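Listed below are the residues making up each chain.
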Amino acid sequence: MKNICKILVLMAMFATGCTGFLDKGPLTAPSGETFLSTENQIFSYVNGLYMALPSLSQYGSGVRAVEKNSDNIISEKYNPRINGELTQFDGQTDWASAYEALRDVNFFFEYYQVSQDHETDDVLSLCGEVYFLRAWWHFTLLKKFGDIPLMNAFLDGNATVGGLQIPATPRDEAARFILSDIDQAIRLLHKREVYSGLRISREAALILAMNVALYEGTWERYHSSDEFSVSDPQPEWFFRKVVEYGDELFSIMPVSQGLNTLENDPFGARNGGEAYAHMFNQKDYSAVPEAVFWKKYDVGSGVQHSLTVLLGSGIVDNEAAAGITKSLVDNYLNEDGTFIDPYDPKFKDFNETFYGRDPRLTETVMSSGHKFRSASITRPMKVAAYRYDDAAEAEAYNSAINPPRFNGDGNGRNLTGYHTALGVDTTYVNSSFWDTGLVLIRYPEALLAYAEAAEELGICTEEVLSRTIRALRERAGVSWKKPAADPNFTDYGYALTPNMQEIRRERRSELALQGFRLDDILRWRGHKVLTGQRGRGAYLGEDGVLFRSFDKNDPVAMEALGRIPEDEDGWADPLRDKLPSGYGFRPDRDYLLPVPPGDIALDGELKQNPNW
Amino acid sequence: MKKLNHIITVLLLTATCHAHAQTADRDTLFLDESVVVGMDVQKRNTITAAVSTVRADAVSGRPVTDLTHALQGNVPGLVIVTDAMENGTGGEPGAGVRFNIRGTGSVNGGEPYVLVDGIEQSLSNVNPADVESVTVLKDASASSVYGSRAAYGVVLVTTKSGSAGKASVSYNGTVGFSSPVNMPEMMSSVEFAGYMNEMKVNSGKNAPFTESAIERLGMFTADPYSEEYPGIGLNAAGDGWASAYNNQYADTDWFDYHFKDRSLRQSHNLSISGGTQKVRYMVSAGYVYQGGLIDHVEDDLDRYNLNARMSFNVKPWLKAAFNNSLAVTGIDRPMADQTIFYAQISDKYPTQVTALPVEGDYDLPSWNEVMYLKETGFERTSVSDAMSLSMTITPLDGWDITAEMKGRLDVQKSSFIMGFPKTTRPDGKVVVTSGGKQGYQYPGMHWKNTSFGSYTRGDVFNYYLSPEVRTSYAASLDGHYFKVMAGFQAELQENSGGYTYKDGMLSEEIFSFDNADGNVKADEYRDHWSTAGVFARINWNWRETVFAEVSGRADGSSRFAPGHRWGVFPSFSVGYDLARNLRNGRNLLNQLKFRLSYGRLGNQHAAGLYRYLSIMSLNPSHADAWLLPGTSDVPEKGIVASTPSMTSPYITWEKVDNADFGVDISLYDNRLNMTFDAYQRVTRDMIGPAEAIPSLSGISAADRAMANNATLRNRGWELSLNWSDALSGGFFYRAGFNISDYKAVVTCYNNPEGVITNNHTGLSANKGYYEGMDIGEIWGYKADHLFATDEEAASYPVDLSFFKPQTLWKAGDLRYEDLDGDGAVNPGQGTLDDHGDLTIIGNATPRFSYGVNLGYRGFEISTLLQGVGKRDFPMSGSTYLFGGRNYFKDHLDHFSAENPGGRLPRLTDGTGAGDLDWKVNAGYNSTRYLLNAAYLRMKNLMVSYSFGERLLKHVRLKRLRVYLSCDNIFTVDALPDAFDPETINIVNTWAGGSRASAPGLTSAMTQNGNAKVYPLSRTFVCGIDITF
């Protein structure tokens, strides 16, 4: 008994006097509930939110290879979505990561507690950035999943199954919600010049708004009578929003200022093509308004990537052997503004493909003269027929030949003859890591969206064309020709006006290898370019110079060439044996990703997307 | 009231063999022997809990640097940890060894509580030569008074102390060497060329080696690194070395290159003990040097121990004791964390050269890791000082009041230098490597933030304080003996540490901040926790025949929110010694005691330190931060603040309920002793996954609030048998055997759909538990055979298209069997209700761990054998099965037209787009590629000779003994050499593995211990003990 009493006494001591002894909170990390109260703290939180935005990873090809999910790049590891191979679980990662980003964003709104007298313009602009990001992530979800549950509050306090019975908002309403968030952002954000494009700006928000409105508008129009239609399509409303946002953008950043033309270019472009190319291979875009929003890299700070070295050594996709498609190459006009005839036999000559074309072609796809990188020296690509005579100069001539890399194993191997040139650093300094900047939002997106919306509204006048796609063409050094019907234009499965053809052509050329192509195909209901197709490469027939630039006496080279299947006309057809009937993209299903079944099971309000 | 027999036997054998070889009062001696148990010393025969002790000489003579190794095989139920262990380093000098008592306790972990002379301490800081006894408390009743951190057992180490009398001086020294065990042998380069050609051709690719290339490989082998055959030439462009594996033609066994055949080790210990009636003392100093096994670089460990124990009889009513134990450990090696290096070694081609044909100092090529290792250096000095002062007042006879202050200081100083690795180009120009390299960084730093030409220094300063007051009263009355004890204890741990880094080193002459003009980076951490508890215990026995004990403890922990902090943990035990009543004069039956105990303990391990609070985590050098302007005009990474995880305000103690039934039997004048224990340990309120919520909450599974909602049940048994006898003429022999087994089953878990998540089954690879799951179970497919012919594959009537299209199956592919008879092989829905053809093919938990020790004294020989009776291990998905670049001799035994009986499947290239075939044959758990990981290892063999006392008198020595002791002498197992049974569980994260992707739940799968760890070593030492 005596001891029990003692215990009780001691316990009482602890319960009262010593409780403080057990209060051991963190010593180096502040409380999450009071953190967002000063400008510097808000900067450090919002800076962290940038990390979720898509950018170049340490080692990957990133955005430059992402278009293997479209008709712009062929990869041995083709994208399973365009081949109809996804399962109902394949939406999980995209879904969860976007909602995780939204939780971060909503945490900000929940615990933001800057008193009014400390709400400087900088602080307000940061709030604008967070609105922008909430719109960005909802837009990401909208593009992938259609109808989506909107997240406009921080739900940790109610994070139970019961508290999360949230229905999906129909996509058109979701799009309007996204636009309303961007409206808030536009109201609060600084202009680009304040942070030289390194932070989200009002211009960036306007361009995002145009992209959102254009996406939803075209979706509602082209998917008006399929599984993916909305109940009350109002595409015009969205198209008009595109124009409105566009007008507002042009009022604060006119085309003359927004495009990096030969005259504007601070990097010493010698022609329009270089003015275009400089948007992809420079380190610092502070002084280039066209880079509306860009990410700075710096090897010294450890913010680095290896894309430049991958591209320079000819790697199109660091995950597998790949190559750019003939379809993309054929999209480029001649320099004089006329369209090409892709069936013209002259294109069987690899080099001929690049002569007299839109300069953006040679800036996007490697051609003879473009340098490959190696460990310490660089050698230009040279496609020329091998000489087998005994002349003394033949050996020297042959040794200078440096064709596309069909030989070799692994990721460096090219499948089509077309390597990526876009973003290759032309200084050829050798380093394993690079800090070429990455432009995330570029001014031409606005011009292209504006022209497309105007054409959809039927108000795409000569004047509109001239300050949008004509400006883009002329910047690149292509002469302007009034749009006319091109019989060989990409077949989207329905008729297009000449204006629309040229707008879509311009979009594909200007935005090539920048990650837009799949989204465009989806919103245009353009499955015809995928389903049953598989893409071609350069001409590989034995009469072509490309074939003859390999030594026929070298069994290794011949075997390498033999490993690239060709179609009956001799054009490289790398996926011929793998996908004999072309991509299996299912138009009744693959326009949207499947909602994760786990979420449907737990959130009874959610519905699965069509045909999953 | 503990395991009488075991203890008796063991101590009998060791302590008494000289002096009491043939003594009639042995019985009395054993029964009265004191055993250190829960904050007390009890007579052995009064113990009613599950306790094991270890002979001191089982520890002292062993050539081990870490005491833990010496316990393995000596304590039934003590198992070196077999859970998937991330970046464990195997036999690396100074590598920590994790162990558990009675198996997996909680799916969240929880380790035994180790007390050295009453102070919590790492076993690796203990000098084995100082150890007097090791006691292992296994059940709740034994551990109860230790409370909050003792839920999964307690290891009590007591060091030697002095006794009144003449001072005695002892010296003990050993010297010997260590060699790596289980080194895999790589293919010769000619074998490799054939192997690669076969692999590439099988995958529809070019054969990388031509006939002439293979011929050249042969030439090199005949005349390696000669002027004519340097093994390497220029690359195609002519501006560098040919780096591709098929453009080099050397013949390198990289394991042989990187590891030494043997390295030196030695130890020296000196102690002085003695005392008077008033003061007793024991002071000792120890030194051990262990050379590492990595060749070409510095790799070693030094440890100094200083130990002092003093006790004072100040007054008849006042005693005091002071202990101080200092350990200073120095480690020298190229990098702090070398796991990436271990992955690299096994990731090299035999055709690659180790050195370039150039003049000068920089002839190592970039693929030879030594080029970088040579230029880097990591040094760490750790100082751990544990001390305690206790005062005991005895106001009345039998009543003690003890106040004790325990403290420990752990400080560390480290430095890491990165020079400038250099290599020579063919044109003779020396190229200096700039930038950084993955793996080469100070711990806690991101490698992207580091570069060559830098210096980092770091420090750790941790301290631990624990005041304790307790009082006890013991009395006897009418054959009733009772003792009550009560007390309170508090613990406080404060940790801090950090590093400073600077790059831009001007020269390599000296590495210092003054000599550098580059970036400075710094980081720190500080954390703390505390516990407090009150405890009480009552012991009672009647004529040492019937025993009972009741104890309890109330504990609070800073890891839980107020209101959820405190837990009350009671336990009791009873015992009945039948022998007391049955005893006959001939001492045939000395003991027959039944014991029963039941008790509850708390576990706080899973809770993290501050999970109940919303914490903003700040990172000033986030590797992925963007360069943004704002706080400054210059774009900078700045500080990144991350959204807090969801808080867990309601979590509290995991409750560990222990029930133990034991029998102790001593027979034939204590010559045969047996202890048997059967137990059940149930961890209730185990922290498990919270209710699944839709992922649209934005809360990733790892960030979700934790909840006390799961239960794990362990059932097991332990048996130890010991026989010892004295022969005429002072000779003496003993034989001991112990064996233990347990099975852990999840009995409650929040997984309502019964989803099976198991790696390498085609299901998602998260860790997943469900009700009824045996910990360690391995789901897989039945597939015992390979298709013998293409026709057999083509006409196989079962749909295998889940794995790859039906048309792609060939001879040498795994023939999966249709178990559920639906005509197709697949994992179904991956749930318990519908798991298709998946079945449980094995279990990775080691079963039937055993130890055997034999001794013969006179001319002394003793040995310890240790092993595991049953264990499965899936090698699917490991790099060993062609997934990575392992080119061992074993791999030559694969299926091919010439070798249709090959053990491994046909060769396919696991890289790029061609990974389908590889996955089919090597990516899924299958019965064919399930390894039997059972083993028997001779852990130690010792031969010693003690010189006779008469002889020693002439040279004035009390004792002189010489011995030869060898560890890890041989192993019997069925594993390929690349897998060591004791490191198989180690996951090398650099090589792509992770604990979360381990198979089943407890063992490693991806990139596991297949040669991607530091090898264990076989050690031979000769030693001498002198006492005068």
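Residues numbered from 1 in each chain as written. Chains lettered and ligands numbered in written order. Predicted model: local features only at pLDDT ≥ 70, side-chain atom pairs only at ≥ 80, totals over all residues. Heavy atoms only, no water.

J.: Residue-level account of the overall build of chain A, with values.
T.: The secondary structure content of chain A amounts to 22 helices and 6 strands. Its C-alpha radius of gyration of 27 Å places chain A within 12% of the 25 Å reference for a compact globule of 612 residues. Overall, the C-alpha framework of chain A stretches about 110 × 60 × 50 Å when taken along its three principal axes. The proportion of buried residues among the 612 residues of chain A is 58%. Pairs at least 24 apart in sequence give 74% of the contacts found in chain A among residues at least 6 apart. (Helix = DSSP H or I, 4+ residues; strand = E, 2+ residues; numbered from the N terminus. Rg over C-alpha atoms; globule rule 2.2 N^0.38 Å. Buried < 20%, exposed > 50% of the residue type's maximum accessible area, 1.4 Å probe, protein only. Contact = heavy atoms within 4.5 Å.)

J.: Just give me the short version of the sheet that holds strand E3 (residues 51-54) of chain B, but keep the residues and values in it.
T.: Note on sheets: strands pair through backbone hydrogen bonds, and any given pair is parallel or antiparallel. As summarised here, the arrangement of the 5 strands in space is E3-E9-E10-E7-E8 (chain B), forming an open sheet in which the pairing is mixed. Two strands close off the open sheet at either side, each with one partner strand: E3 and strand E8 (119-120) of chain B. (Pairing = 2+ DSSP bridges.)

J.: With reference to specific residues and values, describe the pairing of strand E33 (residues 777-780) of chain B.
T.: Residues and elements named next belong to chain B. Every second residue of E33 is oriented toward a common face, with Glu777 and Trp779 on one face and Ile778 and Gly780 on the other, all of them buried. Pairing between E33 and strand E36 (residues 839-843): 4 bridges, direction antiparallel. Within E36, the residue paired with Glu777 across the bridge is Asn843.

J.: Describe the packing of helix H15 (residues 443-457) of chain A against helix H18 (residues 498-510) of chain A, naming the residues involved and giving the relevant values.
T.: Residue and element names in this part refer to chain A. Contact pair H15 / H18: the axes reach a minimum separation of 10 Å and the direction vectors enclose 160 degrees. The angle between the axes of H15 and H18 places the two elements in the roughly antiparallel class. The chirality of how H15 crosses H18 is left-handed. In this structure, H15 uses Pro444, Leu448, Ala449, Ala451, Glu452, Glu455 and Glu456 to contact H18, whose residues at the interface are Asn499, Met500, Ile503, Glu506, Arg507 and Glu510. Looking at side-chain class alone, the contact of H15 with H18 contains 6 nonpolar, 1 polar and 6 charged residues. (Axes fitted to C-alpha atoms, helices over the stretch in contact; angles between N-to-C directions. Parallel < 35°, antiparallel > 145°, perpendicular 65-115°, else oblique. Left-handed = near helix turned anticlockwise from the far one by under 90°. Nonpolar A, V, L, I, M, F, W, Y, C, P; charged D, E, K, R; others polar.)

J.: How would you sum up the interface of chain B and chain A? Please name residues and give values.
T.: Taken residue by residue, the interface counts 79 residues in chain B and 78 residues in chain A. Summing both sides of the interface, chain B and chain A together bury roughly 6600 Å²; the carbon and sulfur share of this comes to 66%. In this assembly, chain B and chain A are joined by 1 salt bridge. For the salt bridge of Arg565(B) with Asp23(A), the shortest nitrogen-to-oxygen distance reads 2.7 Å. (Buried area = accessible area lost by both parts, 1.4 Å probe. Salt bridge = Lys/Arg side-chain N within 4 Å of Asp/Glu carboxyl O.)

J.: Quick rundown of the packing of aromatic side chains? Include the residues and the values.
T.: Residues and elements named next belong to chain B. For the coordinates displayed, the defined rule picks out 80 aromatic pairs over all chains. Ring centres of Tyr113 and Tyr146 lie 6.3 Å apart, and the angle between their planes is 70 degrees; on these two criteria the pair is classed as edge-to-face. Linking Tyr113 in strand E7 (residues 113-116) with Tyr146 in the loop between helix H5 (140-143) and strand E10 (154-159), this pair joins segments that are 33 residues apart in sequence. On the basis of relative accessibility, which here comes to 4%, the residue Tyr113 falls in the buried class. (Phe/Tyr/Trp six-rings, centres within 6.5 Å; stacked < 30°, edge-to-face > 60°.)

J.: Give me a negative patch on the surface: which residues, what numbers.
T.: Residue and element names in this part refer to chain B. A cluster of like negative charges, contributed by Asp799, Asp820, Asp822, Asp833 and Asp834, occupies part of the molecular surface. Locating Asp799 in the fold gives a position in the loop between helix H12 (790-794) and strand E35 (814-815). Classification of Asp799 as partly exposed rests on a relative accessible area of 32%. (Patch = residues over 30% accessible without salt bridge, like charges linked within 9 Å, V, L, I, M, F, W, Y side chains within 5 Å. Areas by Shrake-Rupley, 256 points an atom, 1.4 Å probe, with all protein chains shown as cover. Lys, Arg positive; Asp, Glu negative; His and termini not counted. Charge placed at Lys NZ, Arg CZ, Asp CG, Glu CD.)

J.: Pulling in residues and values, what's your account of the side chain of Asp299(B)?
T.: Residues and elements named next belong to chain B. Along the chain, Asp299 turns up in the loop between strand E13 (279-291) and strand E14 (300-315). No salt bridge is formed by the buried Asp299, whose closest oppositely charged neighbour, Arg333, lies at an N-O distance of 5.8 Å. Reaching out from Asp299, the side chain makes a polar contact with the backbone nitrogen of Leu293 at a distance of 3.3 Å. Non-local contacts of Asp299, meaning those with residues more than four positions away in its chain, are made with Pro93, Gly291, Gly292, Leu293, Ile294, Asp332, Arg333 and Tyr1014. (Polar contact = N/O pair within 3.5 Å; in protein donor to acceptor, adjacent residues only side chain to side chain.)

J.: Any chance you could break down helix H3 (residues 92-111) of chain A for me, citing the residues and the numbers?
T.: Compared with an ideal rise of 1.5 Å per residue, which puts 20 residues at 28 Å, H3(A) spans 28 Å between its outermost C-alpha atoms and is within 8% of the ideal. Listing the buried residues of H3(A) in full gives Trp95(A), Ala96(A), Ala98(A), Tyr99(A), Ala101(A), Leu102(A), Arg103(A), Val105(A), Asn106(A), Phe107(A) and Phe108(A). (Expected span 1.5 Å × (residues − 1).)

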